[in-house]
Amino acid sequence: MALKEKKTVKDILFEIAIYSFFTLFTLLCIFPFYYIFISSISSNALVDRGAIFFYPRSIHLSNYVSVFKIKTLPQAAFISVARTVIGTGLSIIAASFMGYCMSKPEYWHRKLVYRFIIATMYFNAGVVPLYLTYRMLGLIDNFLVYVLPCLNQSFNMVLCKTYMESIPGSLEESAEIDGAGYFMRYMRIILPLSMPILATIAIFAAVGQWNAFMDTVLYMTSTKYFTLQYTLNLYLKKATALADILKTDSAAAQNMNLDTMLTAESTRYTITMVTIIPVLMIYPFFQRYFIKGIMIGAVKG
Amino acid sequence: MTEAVRPPARKTAKGNQLMNGRRRAGRILFAMSAPFLIATLLFCYVPMFGWLYSFVNYKAGFSLFSSRWVGLKYFAMPFSNFVLRDEFLRVMRNTLITSGYHLLGSPLPLFFAIFLSEIKFVRYRKSVQILTTVPNFVSWVIVYSVVHSLLSLDGFVNHFLQMLGLTADPINFMATSKGVWITQWGYGTWKGLGWASIMYMSAIAGIDQELYEAASIDGADRFQKMWHITVPGLLGTYFVLLMIDIGHILSNGMEQYYVFENAMNHDKIEVLDLFVYNQGISGNNISYATAVGMFKSVVSLGLLFFANNLSKAVRGDSIF
């Protein structure tokens, strides 16, 4: 790299090839989201005719108001937000507190307990036994099934433990002499110092919770606890049935303007946007945490 | 370390007290962490007892203990019953082909990273890296929605082809039994390629720059440097990831295939994980599904150990 070399024909061809490949692939990654976005804000009549390709036409935002008039959607959004907030909180508490405990040599039978937790990374009982266990515990059709499993954090626990072991012990000792118990020291000294690792864990936990889909499929039957992801899937699979509901449900109440009246397609596009906007919004800001996350994973994995 | 320092203190009465204090403190800490340990017990260990369901003739509404013990009947079923055997072989075929495509595509992120790192225009390189990782952070439902908006009968591609006059009738890309495995692989690659390459990008950053300089002095061109320095420098990372993939040959995951499954592609898309769900939770064949799931878990664990030992033999280092 230090030496400037003269570019050969081969070099130039190679440059053209990689630039075009990466430009194409990046477009392939981004264009679908852009297309869904412009379709959600364009005139619904034009979208229905398939006249929207690369730029929005007759822009309106009424779809974003209309979809929240569909009965199940505000509830689904609420459940999604609730599970993301609670699940992320529980994940952080569990990972950091267990990590703290495991960094203490005086912990009762520490090695045994550590192995007890670590072993769970290498086996799992499978879908059906897990379902039966949740049923036994009364977690089927229960909001808690979304968040309680977050209490079990083996991998993130290891990350926290490693991080906390690097915090100088003298900080805690001085607090101990001042009479602070474990909980106080964990809250006041260890947690604030562990913020970088906790931020990384939180961001992954939050995206995981927001995107979680299979647990609704497996453990929920009542519409009360359906998440946005699950609702979107229902609407994707039952597009025509949905269109009928919309026609009788919301459109009758509104003015019958074809450009802004919800159609099956515009509903799909709009709900998709509602579901990804939170992720797309936080991604650029937390991108370095994501990258850090995969690197920690690489060292440990 | 602490244990090594402590013992001399034990001799005095005060040291004894201190020791007892620490022991008590350790127990208090244990008590404080009990809720989390109970959660681990309930959500990871208790379900293991569910494997017992594969040995009984379980009917909904009965308890495990009032069900009749049938031994290995459900494990033998794919061998004794023709219909079930064909079904099981079909599911195994889907699983292995799906994993096979995945394994064949596993060098892609490596080359993605090598070529991307050849780009010297930093802004462009960073943008590509950020934008290509976005699909990794959306769920499979969203991927389905994306594919739907592009490839369905009313999707972008069909409308576009019709506008250009290339096709008269829309092509149904999604509800077809043709090319199921390769398209599913394609969706997975679209979602994961950028993300998977990040690990290689940082491995490239870790390669000693002097190697490149020495090679330049020896007259190597960029392709020779890529092939003889960068690629060997990434093989270690590649090998570890490959071993993990081998451990997951039977576990394709289920979300992707669940959302993309339809009546047309069902026979080809149904992988082992999805089959267990379809049998056990949808079909209520609890015992048979548990047996199949258990078979999968045991074989996967075996593969994991195999991969780990292979790694030890080849690289002299275990992956776990």
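What counts, and where the lines are drawn
Residues numbered from 1 in each chain as written. Chains lettered and ligands numbered in written order. Predicted model: local features only at pLDDT ≥ 70, side-chain atom pairs only at ≥ 80, totals over all residues. Heavy atoms only, no water. Patch = residues over 30% accessible without salt bridge, like charges linked within 9 Å, V, L, I, M, F, W, Y side chains within 5 Å. Areas by Shrake-Rupley, 256 points an atom, 1.4 Å probe, with all protein chains shown as cover. Salt bridge = Lys/Arg side-chain N within 4 Å of Asp/Glu carboxyl O. Helix = DSSP H or I, 4+ residues; strand = E, 2+ residues; numbered from the N terminus. Expected span 1.5 Å × (residues − 1). Buried < 20%, exposed > 50% of the residue type's maximum accessible area, 1.4 Å probe, protein only. Domains from an automatic or database assignment. Contact = heavy atoms within 4.5 Å. Buried area = accessible area lost by both parts, 1.4 Å probe. Polar contact = N/O pair within 3.5 Å; in protein donor to acceptor, adjacent residues only side chain to side chain. Nonpolar A, V, L, I, M, F, W, Y, C, P; charged D, E, K, R; others polar.

1. Remarks on a nonpolar patch on the surface
A surface patch of nonpolar side chains, about 440 Å² in accessible area, is lined by M121, Y122 and F155 of chain A together with L301 and F305 of chain B. Assignment of secondary structure puts F305 of chain B in helix α15 (residues 286–315).

2. A closer look at helix α7 (residues 140–151) of chain B
Residue and element names in this part refer to chain B. Compared with the 16 Å implied by 1.5 Å per residue over 12 residues, the 16 Å span of α7 between its first and last C-alpha is a close match. Taking burial as the measure, the 12 residues of α7 include 11 buried ones, the bulk of the element. Looking only at α7, the buried set comprises W140, V141, I142, V143, Y144, S145, V146, V147, H148, S149 and L150.

3. Topic: the domain arrangement of chain B
Residues and elements named next belong to chain B. What the domain assignment lists for chain B is domain 1 (2–57) and domain 2 (72–315). Just the C-alpha atoms count here: the centres of domain 1 and domain 2 sit 40 Å apart. On the side of domain 2, 10 residues touch domain 1, which itself brings seven residues to the contact. Here domain 1 and domain 2 share an interface that buries about 710 Å² over both sides, 70% of which is from carbon and sulfur atoms. The largest share of the area that domain 1 buries against domain 2 comes from W51, S54 and F55, three residues that together contribute 68% of it. The interface formed by domain 1 and domain 2 holds zero salt bridges in total. Where domain 1 packs against domain 2, one counts three residue pairs in polar contact (both at pLDDT 80 or more). Across the side of domain 1 that touches domain 2, the residue classes tally to four nonpolar, three polar and no charged.

4. Focus: unusual backbone geometry
Despite not being glycine, H109 of chain A has its phi angle at roughly 50 degrees, a positive value. Overall, the relative accessible area of 48% leaves H109 of chain A in the partly exposed class. A positive phi angle, near 60 degrees, is found at N284 of chain B, a position not held by glycine. Tracing the sequence through the fold places N284 of chain B in the loop between α14 (272–282) and α15. Residue N284 of chain B is classed as partly exposed on the basis of its relative accessible area of 48%.

5. Section: the interface of chain A and chain B
Listed per partner, the contact involves 94 residues of chain A and 91 residues of chain B. Between chain A and chain B lies a buried interface of about 8,600 Å² when both sides are counted; carbon and sulfur atoms form 76% of it. Here the element with the most residues in the side of chain A that touches chain B is helix α1 (residues 9–41) of chain A; it accounts for 19 residues. Looking at the side of chain A that touches chain B residue by residue, the classes come out as 68 nonpolar, 14 polar and 12 charged.

6. Considering the side chain of N152 of chain A
Here N152 of chain A shows up in the loop between α7 (144–147) and α8 (154–165). Setting aside residues up to four positions removed in sequence, N152 of chain A forms contacts with T120 of chain A together with T40 and C44 of chain B.

7. Notes on the side chain of Q184 of chain B
All names here are of chain B. With respect to the helices and strands, the residue Q184 is situated in helix α9 (residues 180–205). By relative accessible area, Q184 is classed as buried at 7%. Not counting chain neighbours up to four residues away, the residues in contact with Q184 comprise Q256, Y257, F260 and I269.

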